[in-house]
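Working through the structure, step by step
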Amino acid sequence: MSEERAIAMANLEQLALFQEDTILWNRWREENPQVRPDFVGVDFSGLDLRGHNFSGVDLTDANFRGGDLIKADFSEAILDEADLSNSDLIKTDFSNADLSNADLSESGTRESDLSGANLKEANLIGTDLAGANVIGANLSNADLIGANLEGASLVKANLSHADLSGANLSRASLIKTNLAGASLIGANLSGANLSGANLSGANLSGANLEGAVMPDGKVNQQSTKK
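Cut-offs used in this document
Residues numbered from 1 in each chain as written. Predicted model: local features only at pLDDT ≥ 70, side-chain atom pairs only at ≥ 80, totals over all residues. Heavy atoms only, no water. Buried < 20%, exposed > 50% of the residue type's maximum accessible area, 1.4 Å probe, protein only. Helix = DSSP H or I, 4+ residues; strand = E, 2+ residues; numbered from the N terminus. Arc of directions from axis to C-beta. Contact = heavy atoms within 4.5 Å. Axes fitted to C-alpha atoms, helices over the stretch in contact; angles between N-to-C directions. Parallel < 35°, antiparallel > 145°, perpendicular 65-115°, else oblique. Nonpolar A, V, L, I, M, F, W, Y, C, P; charged D, E, K, R; others polar. Phe/Tyr/Trp six-rings, centres within 6.5 Å; stacked < 30°, edge-to-face > 60°.

1. Thoughts on helix α1 (residues 12-20)
Regarding α1, the residues found buried are Q14, L15, F18 and Q19. In an axial view of α1, the angular spread of the buried residues amounts to 135 degrees, which keeps them on one side of the axis. Seen from the buried face of α1, the exposed residues on the opposite side, beyond 90 degrees, are E13 and E20. Each element contacted by the buried residues of α1 is listed here: α2 (22-31).

Right under this line is the structure:
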């Protein structure tokens, strides 16, 4: 890996092992599951970190901007206020991770696992989440303007007061999803399943609901709702 760019708050011994070899690092993580590595504020921006094991790691305020994180494991990691913008996050595991206030804008997050993750007030503007597993995630007050959630599973997710203006939710599964107070202005919900969803106070102006299954289980035939 490239030169060390850690700030003093990080555990330098753990960071040195991490930088030495991916296989050795992942093996050490497997052998020491009780240890929560401390990489608070570390600058990993632009690095190739494919397949690395960050599960349970404290990555508060860490910088991954523009990095390659394909199939990395961030399950149960702390990523509060971390910068993952413009990163390649395809098939990355963020299950049960804390991503509150994190920046994932313009990242490629297709087919990633965000189930049970905390994304409260996260920046997901322009993020590509097509086919992602977002079941049970907390996205309350998150910014998803122009995000691509085509075919994503958002079953029982909390999107209350989230901004989904112009987002693509075509064929997304929104069963029992909380969309109370959410902005869905101009969003594409064609073919989406909103069965049992909470749309109280949601703004659906100009949204495309053609073929969508509505909260009452009926299929909508109109393309827009004003």
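2. Details of unusual backbone geometry
At E76, a position not held by glycine, the phi torsion is positive, near 60 degrees. Along the chain, E76 falls in the loop between α2 and β1 (207-208). Taking relative accessible area as the criterion, E76 reaches 51% and is therefore assigned exposed. If you check the backbone angles, E106 has positive phi at about 60 degrees while not being a glycine. Tracing the sequence through the fold places E106 in the loop between α2 and β1.

3. Brief notes about the packing of α1 against α2
Look at α1 against α2: their axes get within 5 Å of each other, and the N-to-C directions meet at 130 degrees. In terms of their interaxial angle, α1 and α2 are classed as oblique. Of the residues in α2, those in contact with Q14, L17, F18 and E20 of α1 are L24, W25 and W28. Tallied by class, residues from the contact of α1 with α2 come to five nonpolar, one polar and one charged.

4. Brief notes about the packing of aromatic side chains
Tallied over the full model, the rule gives 13 aromatic pairs. Through pairs of rings, three or more aromatic residues link up here, namely F18, W25, W28, F39, F44, F54, F64, F74 and F94.

5. What about α2?
Taken together, the buried positions of α2 are W25, N26 and R29. On an axial view of α2, the arc spanned by its buried residues comes to 95 degrees, and they lie on one face. Seen from the buried face of α2, the exposed residues on the opposite side, beyond 90 degrees, are I23, E30 and E31.

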